[in-house]
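# Report on the structure
Listed below are the residues making up each chain.
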Amino acid sequence: MNISDLKNKYKDASLEKLAEILDNSEDYTPEVVSVIKDIIEERGGLEKFQQEIAIIQDYENEKQLLRSHLQIGLRKNIAHSLLLKEIELKYLSKTEQDQILQKEVKLWEEERKDRAITSESVIKGILGGLVGGTVGGVIFGISMIGSGKIMFMIVFSLWVISYFFIWLFSRKTKRNTATIIITVFSSVYAFLLGQILLAIFGVQR
């Protein structure tokens, strides 16, 4: 690819892409780096380029700052109408602020719902734990009967299998305390079931 082709390839590249190439120039050919520098000069020079990159970084940092501020405020049950008034922002427009607020409120509501422990979710979680523990226990027992060894990966999979079925039944993730507790008991049940199957059927050689 000649210089002309390279210029056509990168002439419309974003500031972030140009900055990424400059920051990792050792991963590119000297021709590519030279073309990137020429494009930067054509767009106003290195100083202007660096200023524009700094603004983009500040903009992204401000978005993250706002997200963190909203997450803390929502956990403290601060009224939604007050959250945006408590922080001074330079780059984000009112529309962008409202969009981020709506997104964080939605995520917080989903998390709060997920953390809520109800009789229905506990019952469904227990049923899922029984199913998952039985499935995991049978797999564990068969693996030990066939090999005569307790394999670490199989033991670890008991937790994964139990958690999956508990989540499948209750739709509560590991953020829910009841889910964690039921998963522990389900994993222990699976381990004991595997041991019982081994004791009954013995090691096949």
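Procedures and definitions
Going along each chain's sequence as written, the residues are numbered from 1 onward. It should be noted that, the model being predicted, local features are given only for residues of pLDDT at least 70 and side-chain atom pairs only at 80 or more, the latter also being counted only at that level, while totals for whole chains, interfaces and linings use all residues. Side-chain numbers come from the whole structure's heavy atoms, not from hydrogens or water. Put simply, DSSP H or I for four residues or longer makes a helix, DSSP E for two residues or longer makes a strand, and each gets a number counted from the N terminus. Taken over C-alpha atoms, the radius of gyration is set against a globule rule of 2.2 Å times the number of residues to the power 0.38. Burial classes follow relative accessibility: with a 1.4 Å probe on protein chains only, a residue under 20% of its type's maximum area counts as buried, one over 50% as exposed, and anything between as partly exposed. We call two residues in contact when some of their heavy atoms are within 4.5 Å. With residues, only the protein chains shown are counted as cover, and all accessible areas are computed by Shrake-Rupley using a 1.4 Å probe. Within this scheme the basic residues Lys and Arg register as positive and the acidic residues Asp and Glu register as negative, but His and the chain ends are omitted. A single reference atom marks each charge: NZ on Lys, CZ on Arg, CG on Asp, CD on Glu. Note on aromatic pairs: the rings of Phe, Tyr and Trp (six-membered ring only in Trp) are paired at centre separations within 6.5 Å, and the planes decide the class, stacked below 30 degrees, edge-to-face beyond 60, tilted for the rest. Comment: the charge-over-ring label is applied if NZ (Lys) or CZ (Arg) is within 6 Å of the ring centre and within 35 degrees of the ring normal. The rule for a salt bridge is simple: a side-chain nitrogen of Lys or Arg has to be within 4 Å of a carboxyl oxygen of Asp or Glu. The criterion is simple. A nonpolar core is a set of buried Ala, Val, Leu, Ile, Met, Phe, Trp, Tyr and Cys residues joined through side-chain atoms within 4.5 Å. Inter-axis angles, ranging from 0 to 180 degrees, are taken between N-to-C directions of lines fitted to C-alpha atoms, where helices are fitted over the stretch in contact. The hand of a helix crossing depends on one turn: near helix anticlockwise from the far one by less than a right angle means left-handed, and clockwise means right-handed.

What follows concerns the overall build of the protein. Check the secondary structure of the protein and you find 9 helices and 0 strands. Overall, the protein shows an N-to-C arrangement of helices and strands of α-α-α-α-α-α-α-α-α. Since a compact globule built from 205 residues should have a radius of gyration of about 17 Å, the 28 Å found for the protein marks it as more spread out than a globular shape. Seen through its C-alpha atoms, the protein measures out along the principal axes to roughly 80 × 55 × 20 Å. Sorting the 205 residues of the protein into buried and exposed places 34% on the buried side. The long-range fraction of contacts in the protein, counting pairs at least 24 apart against all pairs at least 6 apart in sequence, stands at 68%. Entry remark: accessible area of the protein is about 13200 Å², with carbon and sulfur atoms responsible for 60%. With 26 positive and 26 negative side-chain charges, the protein shows a spacing of 12 Å between the two charge centroids.

Moving on to the packing of aromatic side chains. Taken as a whole and judged by the stated rule, the model has 3 aromatic pairs. Pairwise contacts between aromatic rings join Phe164, Phe165 and Trp167 into one cluster. Lying over the aromatic face of tryptophan 167, arginine 171 brings its terminal NZ or CZ to 4.3 Å of the ring centre.

Secondary-structure assignment places leucine 107 in helix H6 (residues 94-115). With relative accessibility at 39%, the residue leucine 107 sits in the partly exposed group. For the pair formed by leucine 107 and glutamate 16, sequence separation is 91 residues and the distance between their alpha carbons is 28 Å.

This part is about the pattern of salt bridges. In total, this model carries 9 salt bridges according to the counting rule given. Ionic pairing is found between lysine 17 and glutamate 20, a salt bridge with its closest N-O pair at 3.6 Å. With lysine 17 and glutamate 20 both in helix H2 (residues 15-23) and 3 residues apart, the pair spans about one turn of that helix. Through salt bridges with shared partners, one network takes in Arg75, Glu111, Asp114, Arg115 and Arg175.

Judged by nonpolar contacts, the single largest core of 14 residues is most densely connected at Tyr10, Leu18, Val32, Ile36 and Phe49. Contributions of two or more residues to this core are made by helix H1 (3-10), H2, helix H3 (30-42) and helix H4 (46-75). No other element matches the 5 residues that H3 contributes to this core. By size, the runner-up hydrophobic cluster in this structure holds 12 residues, among which are Leu66, Leu70, Leu89 and Leu101.

Structurally, histidine 69 is set in helix H4. Those residues within four positions of histidine 69 in sequence are excluded, and the remaining contacts are Leu83, Glu86 and Ile87.

The packing of two helices is summarised by the inter-axis angle and the distance between the axes. Axis separation between helix H7 (residues 119-147) and helix H9 (residues 177-201) bottoms out at 7 Å; the angle between their running directions is 35°. Viewed along their axes, H7 and H9 form a crossing whose handedness is right-handed.

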